[in-house]
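Listed here are the chains, written in short residue letters.
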Amino acid sequence: DNAPLAWQGLVIAGAGNGEVRAFDADGVTGCSGTPLVCQPVWRAKVDAPIHAAPTVADGIVAVGSDDGVVSMFDASGEVGCGGTPTTCQPLWTAQTGRGGVFATPVISGGVR
């Protein structure tokens, strides 16, 4: 129930099950079949559903979740990421001290 974002050949989306998933925007890497079905290029998991759209700046994806936590991930799926399928750990998290994060986090001027 949120909008995905496009960044440097990826489509990145948050999901109600608490997953962040990045897909090849060209439908090549991890994609096959007719109709074309794509698997995530990388994925990450947070502890609560994600209802707001993610945002990206400076190669960092920020997502807010229903437990009031904002999590940052490497948008390229490299730093803090590994395994098969590629799974990413947060670069850092912050508790907002309030209820859930239901609006898209903002990154401005390098400040997250």
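The sections below set out a description of the structure shown in this document. (Residues numbered from 1 in each chain as written. Predicted model: local features only at pLDDT ≥ 70, side-chain atom pairs only at ≥ 80, totals over all residues. Heavy atoms only, no water.)

## Describing the overall build of the chain
Now for step 1: A count of helical and extended segments in the chain gives 0 helices and 12 strands.
Now for step 2: Ordered by position from the N terminus, the helices and strands of the chain form the series β-β-β-β-β-β-β-β-β-β-β-β.
Now for step 3: For the chain, whose C-alpha radius of gyration is 14 Å, the value lies close to the compact-globule estimate of 13 Å for 112 residues.
Now for step 4: Over its C-alpha atoms, taken along the principal directions, the chain stretches across nearly 45 × 25 × 25 Å.
Now for step 5: A sequence separation of at least 24 residues applies to 52% of the contacts in the chain between residues at least 6 apart.
Now for step 6: When the accessible surface of the chain is summed, it comes to about 5800 Å², and 53% of that surface belongs to carbon and sulfur atoms. (Helix = DSSP H or I, 4+ residues; strand = E, 2+ residues; numbered from the N terminus. Rg over C-alpha atoms; globule rule 2.2 N^0.38 Å. Contact = heavy atoms within 4.5 Å. Areas by Shrake-Rupley, 256 points an atom, 1.4 Å probe, with all protein chains shown as cover.)

## Brief notes about the sheet that holds strand β8 (residues 60–64)
Now for step 1: Sheet architecture is open: 4 strands sit in the order β7-β8-β9-β12, paired in antiparallel fashion. On the outer flanks of this sheet lie β7 (55–57) and β12 (92–95), each paired with one strand and no other. The average undirected angle you get between the axes of adjacent strands in this sheet is 20 degrees. (Pairing = 2+ DSSP bridges. Axes fitted to C-alpha atoms, helices over the stretch in contact; angles between N-to-C directions.)

## Describing the pairing of strand β6 (residues 42–45)
Now for step 1: Covered by surrounding structure in β6 are Trp42 and Ala44 only, the residues Arg43 and Lys45 on the alternate face being uncovered.
Now for step 2: With 4 bridges joining them, strand β3 (residues 19–24) and β6 adopt antiparallel strand pairing. Bridge assignment links glutamate 19 to a residue of β6, and that residue is lysine 45. (Buried < 20%, exposed > 50% of the residue type's maximum accessible area, 1.4 Å probe, protein only.)

## What about the nonpolar core?
Looking at soluble globular proteins, one finds that nonpolar side chains tend to be buried together.
Now for step 1: Formed by 16 residues in total, the largest nonpolar core has its most connected members in Ile12, Val20, Trp42, Val63 and Phe73.
Now for step 2: Elements with a contribution of two residues or more to this core: β1 (5–7), β2 (10–14), β3, β6 and β8.
Now for step 3: If we skip the residues at most four places from it in the chain, valine 63 touches Val20, Val46, Ile50, Pro54, Val69, Val70, Ser71, Phe73 and Pro105.
Now for step 4: Core analysis: the second largest hydrophobic core is formed by 5 residues, Ile60, Ala62, Met72 and Ile107 among them. (Core = buried A, V, L, I, M, F, W, Y, C linked by side-chain atoms within 4.5 Å.)

## What to know about the side chain of asparagine 2
Now for step 1: Note on placement: asparagine 2 falls in the segment before β1.
Now for step 2: Polar contacts involving the side chain of asparagine 2 include one to the main-chain carbonyl oxygen of isoleucine 50, which spans 3.5 Å.
Now for step 3: Of note is the side chain of asparagine 2, whose polar atom sits 3.5 Å from the backbone oxygen of alanine 52.
Now for step 4: Once residues lying within four places of it in the same chain are set aside, the contact partners of asparagine 2 are Gly14, Ile50, His51, Ala52, Ala53 and Pro54. (Polar contact = N/O pair within 3.5 Å; in protein donor to acceptor, adjacent residues only side chain to side chain.)

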